[in-house]
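A structural walkthrough
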Amino acid sequence: MTLRLYDTAARAVRDFVPLEEGKAGIYVCGLTVQSEPHVGHVRSAVNFDVLRRWLLASGYDVTFIRNITDIDDKILAKAAEQGRPWYNLAYVMKRELDKAYDDLHVLPPTYEPAATGHVPEMLELISLLIDRGHAYAAEDGSGDVYFDVQSWPSYGELTRQKVDDMEAAEDADPRGKRDPRDFALWKGRKDSEPETASWPSPWGRGRPGWHIECSAMAGKYLGAAFDIHGGGVDLRFPHHENEQAQSRAAGHPFASYWMHNAWITTSGEKMSKSLGNSLLVPNVLERVRGIELRYYMVAAHYRSHVEFSFEALEEAASGFQRIEGFLERVGPGAAGTLPDAFVAAMDDDLGTPAAVGVIHDVVRLGNKALAEGDHESAARHAGEVRAMLGVLGLDPADDHWATGGTNDLTAVVDALVQGLLEQRAEARAHKDFATADQIRDRIKAAGVTIEDTPSGPKWSV
RNA sequence: GGUGGGUUGGCCGAGAGGCGAGGCAACGGACUGCAAAUCCGUCUACACGGGUUCAAAUCCCGUACCCACCUCCA
């Protein structure tokens, strides 16, 4: 069975046929670094990280580009509001974002280009579009350059919209547009904007429009044609529609497949950036571990809306702990082979929910084997579980996660708990169960759970 | 106005014409000194109204409600 992916442009699941056999080029729209990342932002990164890991596991040589938008209207406005340089705001937020990605074990991309580092490439592309008759410098002297929507008949094809049905941009302020739907490729500098936020161009000083950066950077690192372009559903229009129009109008075939992840919502509403702090990644990670948050995200299909709640998150954490508990009971071991059912689920448009179902099925088989004393069989199942978790970035034995749960205090707690456990063992040996239970209750009240296993008692927080 | 998506059991979440995903919670049983963990079992749902079909959660028609996008958004 081959990998099949849902292509937004085709509105159907299609067999994945790469441009070059054995290789996959992926471009994912990263974030505009203007505020702290919340769980919704990170979902996109996790979803595409799973895609990447699955392609790797399937033997592809993957080039994965995820950009950073580090200059735009909002960054400038926020920085001005906070009285600090725009580049400082962008940089600090980028570092926050890197931390959040790392906390969720999102692999670093092959390269992470920033918009401000690619102005020459964008200017080149804009000039090409003007030469080909698909863009024009505003006639009002603003220094803006616009894409000429009417010059590109297939404009709207990605989202199946007709230009005439679209509402005009509200930001216009027509600023010399020929058609209200035309969008900015280059924004002439306004007097209110800092000098540092502008670059020289044939049309005067200015800064890039939002859409052109992705076309320019995707072209630079992946070539005129590449395999997969991804991002959140909200980006389909205008961002991706515009990207495709620009690149194709410039003569580039651009992406073969378009993939879009759905939202995480709260109270049925989209997670807006002004929603408050409770859903920022660091705050959510005070409630559950990173690996559990990742499991929560992976357990839902990437194209399904997820209604975020701490109840559901903690429930997911319980489910994950069941898997972890099994692996701990079996003990260390190497990753094994991937069960066919898992491969089939993943090949079917990254069917992670079904894949997670397979993990639980194998865990049950493994637990059963363990209960029957069949360690060989249990170890084989554990190997399969590790392999599956590895593909999803969820293997607890991965060094990346190991540091998260252990620190200096672990040894301290262990020493204290061990002392109490010895007292309890002694009491139990004398059948003094009242004392034994009292010790266990006290340990539990401190937040440590005791589990009696054939190899002696074990504790966990 | 245009475009796209959704509504599944106590809860979370899959599935996309027939053989009832899975998890969490709850309850019963096994194991245990008692627990915990684990295993076995129980709880058998698809917004509403029509239709097609031997067979519909799944396809068609209609209705209701919800969400997203329409040039700042993961």
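Residues numbered from 1 in each chain as written. Chains lettered and ligands numbered in written order. Predicted model: local features only at pLDDT ≥ 70, side-chain atom pairs only at ≥ 80, totals over all residues. Heavy atoms only, no water.

Inspection of every chain in the model, using the stated rule, returns 15 aromatic pairs. Relative to tyrosine 87, the ring of tryptophan 86 lies with its centre 5.6 Å away and its plane at 80 degrees, an arrangement referred to as edge-to-face. Through a chain of ring-to-ring contacts, three or more aromatic side chains come together here, namely Phe147, Tyr155, Phe183 and Phe237. Above the plane of the ring of tyrosine 6 lies arginine 303, whose end atom (NZ or CZ) is 4.0 Å from the centre. Geometry around tyrosine 302 places arginine 303 over its ring, the cationic atom sitting 6.0 Å from the centre. (Phe/Tyr/Trp six-rings, centres within 6.5 Å; stacked < 30°, edge-to-face > 60°. Lys NZ or Arg CZ within 6 Å of the ring centre and 35° of its normal.)

It is worth spelling out empty space enclosed by the protein at this point. Scanning the model with the defined rule gives 1 cavity of 30 Å³ or more in all. As a volume, the largest cavity reaches approximately 50 Å³. Forming the walls of the largest cavity are Val46, Asn47, Val50, Met297, Val298, Ala300, Tyr302, Leu350 and Thr352. Put simply, the parts of the chain that give the lining of the largest cavity at least two residues each are helix H1 (39–57) and helix H8 (290–298). Examining the composition of the lining of the largest cavity, we find that 3 residues originate from one element, H1, more than from any other. Of the residues belonging to the lining of the largest cavity, the class tally is 7 nonpolar, 2 polar and no charged. Of the residues that make up the lining of the largest cavity, three or more belong to each of domain 1 (4–266) and domain 2 (287–405). (1 Å grid on protein atoms, 1.4 Å probe; cavity = no way out; pocket = protein on both sides within 12 Å on 5 of 7 lines; lining within 4 Å. Points joined across faces, edges and corners; volume = space filled by probe spheres on them. Helix = DSSP H or I, 4+ residues; strand = E, 2+ residues; numbered from the N terminus. Nonpolar A, V, L, I, M, F, W, Y, C, P; charged D, E, K, R; others polar. Domains from an automatic or database assignment.)

As for its placement among the helices and strands, aspartate 70 is situated in the loop between strand S4 (61–66) and helix H2 (73–82). The side chain of aspartate 70 sits in the buried core without any salt bridge; lysine 94 is the nearest counter-charge, 9.0 Å away. In this structure the side chain of aspartate 70 is engaged in a polar contact, spanning 3.4 Å, whose partner is the backbone nitrogen of alanine 115. The residues touching aspartate 70, leaving out its near neighbours within four places in the chain, are Val33, Ile75, Trp86, Ala90, Ala114, Ala115 and Thr116. (Buried < 20%, exposed > 50% of the residue type's maximum accessible area, 1.4 Å probe, protein only. Lys, Arg positive; Asp, Glu negative; His and termini not counted. Salt bridge = Lys/Arg side-chain N within 4 Å of Asp/Glu carboxyl O. Polar contact = N/O pair within 3.5 Å; in protein donor to acceptor, adjacent residues only side chain to side chain. Contact = heavy atoms within 4.5 Å.)

Among the structural elements, serine 256 can be located in strand S10 (residues 254–261). Once the C-alpha coordinates of serine 256 and valine 17 are considered, the two residues, 239 residues apart in sequence, prove to be 9.0 Å apart. Non-local contacts of serine 256, meaning those with residues more than four positions away in its chain, are made with Asp7, Arg14, Leu19, Phe226 and Asp227.

Structurally, arginine 329 can be placed in helix H9 (residues 310–330). Residues arginine 329 and glycine 231, spaced 98 residues apart in sequence, show a C-alpha to C-alpha distance of 39 Å. The residues contacting arginine 329, other than those within four sequence positions of it, are Asn367, Leu370 and Glu451. Here asparagine 367 takes part through its side chain, which lies 2.6 Å from a polar atom of the side chain of arginine 329.

Turning next to H9. Its 21 residues place the ends of H9 30 Å apart at the C-alpha level, agreeing with the 30 Å of an ideal helix rising 1.5 Å per residue. Listed as buried for H9 are Phe310, Leu313, Ala316, Ala317, Gly319, Phe320, Ile323, Glu324, Gly325, Phe326 and Leu327. Two residues or fewer after H9 comes glycine 331, characterised by a positive phi angle close to 95 degrees. (Expected span 1.5 Å × (residues − 1).)

What follows covers the side chain of threonine 8. Structurally, threonine 8 is set in the loop between strand S1 (4–7) and strand S2 (12–15). Setting aside chain neighbours within four positions, we find threonine 8 in contact with Leu158, Arg236, Trp258, Met259 and His260.

Don't take any of this as a statement about function, it's just geometry.
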